[in-house]
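A closer look at the structure
These are the residues of each chain, in order.
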Amino acid sequence: MAFKVTEHILVPEHQKLTKEEKTQLLEKYRITSRELPKILRSDPAIAHLNCERGDVIKIIRKSPTAGKATYYRVVIHG
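Attention here is on the structure that accompanies the text.

About the cut-offs
- Residues numbered from 1 in each chain as written.
- Predicted model: local features only at pLDDT ≥ 70, side-chain atom pairs only at ≥ 80, totals over all residues.
- Heavy atoms only, no water.
- Phe/Tyr/Trp six-rings, centres within 6.5 Å; stacked < 30°, edge-to-face > 60°.
- Lys NZ or Arg CZ within 6 Å of the ring centre and 35° of its normal.
- Helix = DSSP H or I, 4+ residues; strand = E, 2+ residues; numbered from the N terminus.
- Buried < 20%, exposed > 50% of the residue type's maximum accessible area, 1.4 Å probe, protein only.
- Polar contact = N/O pair within 3.5 Å; in protein donor to acceptor, adjacent residues only side chain to side chain.
- Contact = heavy atoms within 4.5 Å.
- Salt bridge = Lys/Arg side-chain N within 4 Å of Asp/Glu carboxyl O.

All told, the structure shown has 0 aromatic pairs when counted by the stated rule. Its end group placed over the ring of Tyr71, Arg61 keeps NZ or CZ at 4.4 Å from the ring centre.

It is worth spelling out the side chain of His14 at this point. Structurally, His14 can be placed in strand β1 (residues 13-16). Relative accessible area serves as the criterion here: at 13%, His14 is assigned to the buried category. Side-chain polar atoms of His14 contact the backbone oxygen of Pro12, separated by 2.8 Å. With residues up to four places along the chain from it excluded, the contact list for His14 reads Ile39, Ala45, Ile46, Leu49, Ile57, Lys58 and Ile59.

This brings us to the pattern of salt bridges. Scanning all chains against the criterion turns up 3 salt bridges. Note that Lys16 and Asp55 form a salt bridge whose closest N and O atoms lie 3.9 Å from each other. Here Asp55 lies in the loop between β2 (38-40) and β3 (56-63) and Lys16 lies in strand β1, a separation of 39 residues in the sequence. Classification of Lys16 by relative accessible area gives partly exposed; the value is 35%. Classification of Asp55 as buried rests on a relative accessible area of 19%.

Set out below in structure tokens:
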């Protein structure tokens, strides 16, 4: 039996942004992708997304106070 990390209860939902969504995000916050926190391309939580260097990942976590909390990470090689 293979273990699927994405189905584990402690692993939040990860989504790869489209190029348009990435552009909108960076413009909204007036930042560059270099200013976002990093996530390794080899991270097991994003392995199924077929990410390339520079892609932006949206992470949606459950929050006891806000309901949902959204975080963004830029993919780096690793």
